[in-house]
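Structural description and commentary
Residue strings, one per chain:
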Amino acid sequence: MDPSPAGFGDNCDTNLVGITFRPLTIADTPDVKAVCNELFPIDYTDAWFADICGSPHYFTRGAFCCGQLIGLIVAQVRHHGWILPEDDGILGLWFPQSSLVVYILSIGVLQPYRRHGLASTFLDMLYSYVTSGDHAQCVRCIYLHTMANNLPAISFYHRHGFKLFRKLHQYYMINKIPEDGLCFVRYMNGVKPPWTFWEVIAYPAQCFSAPSMACARFVRCLRATLRMLPWVRPAATADTWRESASYKMLA
């Protein structure tokens, strides 16, 4: 969602002391607004801030130094069927629409506190959250968006196991100037990326070398495709769409 997540560097010093982490609350809303306004060139709505600071449907962590908010991460566990159109295809057709994915809406650290490993700590906290409790072994991938020219963020995501999934042409409009975006994905729990064009081409050869496995995979794909038909796939309500929408308001 955020076009320019801030606070990433290749050389990190983890000796920063006096930093505490906790979930964001409604009382943090003014500080969250101030941090987001400084970090991201996007006009977030008041509804977005109210949701992330007060709704249990979001995973949030704030980093605080002497009581001041200096960085944050906001993510949401979603059903595969609720992802936005530009992210369609992150999971293969054989995954049901009820499969769980995690979307990172925002992650960033204020300038004076960068290169201390805080962004990496945020990701570690998110990984711990989605791999334990009710979400253990259920989350299929974590994905996010960033601007195509945000090289520090791209390097950061690569180092943390994210792979480029798709380039989004003119995805952002920053100060009335169109900017390309990138979608990055980190697959989890043994999940593999969807087939590429060349894998599809090679599929007939697999049918001859291992016919039983190939046929079983074909059946899974067919069943998943049938679930996507309008009379089979449950329609998203206004509430579920609001939960899954990214509230992207462009400057």
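Located above this text is the structure these notes cover.
Everything numeric in this text was worked out from a predicted model, so none of it was measured. (Residues numbered from 1 in each chain as written. Predicted model: local features only at pLDDT ≥ 70, side-chain atom pairs only at ≥ 80, totals over all residues. Heavy atoms only, no water.)

**Remarks on the sheet that holds strand E6 (residues 163–174)**
Each strand in a sheet pairs with another by means of backbone hydrogen bonds, the pair being arranged parallel or else antiparallel. The test is simple: Note on pairing: two strands pair once DSSP finds at least 2 bridges between them. Labels follow the DSSP assignment, with helices taken as runs of H or I lasting at least four residues and strands as runs of E lasting at least two, numbered in each case from the N terminus. Angular values range over 0 to 180 degrees, each being the angle between N-to-C directions of two axes fitted as lines to C-alpha atoms, with helices fitted over their stretch in contact.
The strand order E1-E2-E3-E4-E5-E7-E6 describes an open sheet built from seven strands, whose pairing is mixed. Every interior strand has two partners, whereas the edge strands, strand E1 (19–22) and E6, have only one. For this sheet, the mean inter-axis angle between neighbouring strands, taken without regard to orientation, is 20°. Both strand E5 (residues 139–147) and strand E7 (residues 177–187) contribute to a ladder of seven bridges, which runs antiparallel. Counted as the bridge partner of Cys-141 is Tyr-187 from E7.

**Notes on the pairing of strand E2 (residues 59–65)**
Rules: Under the scheme applied here, a residue whose accessible area is under 20% of the maximum for its type counts as buried, over 50% as exposed, and between as partly exposed, the area being computed with a 1.4 Å probe on protein chains only.
Of all the seven residues making up E2, six are buried; the element is thus mostly covered by neighbouring parts of the structure. Direction of pairing for E1 relative to E2: antiparallel, over a ladder of four bridges. Bridged to Thr-20 within E2 is Phe-64. With seven bridges joining them, E2 and strand E3 (residues 68–79) adopt antiparallel strand pairing. Opposite Ala-63, over in E3, you have Gly-71 as the bridge partner. Adjacent in sequence and paired antiparallel, E2 and E3 are bridged by two residues, among which Cys-66 carries a positive phi angle near 55°.

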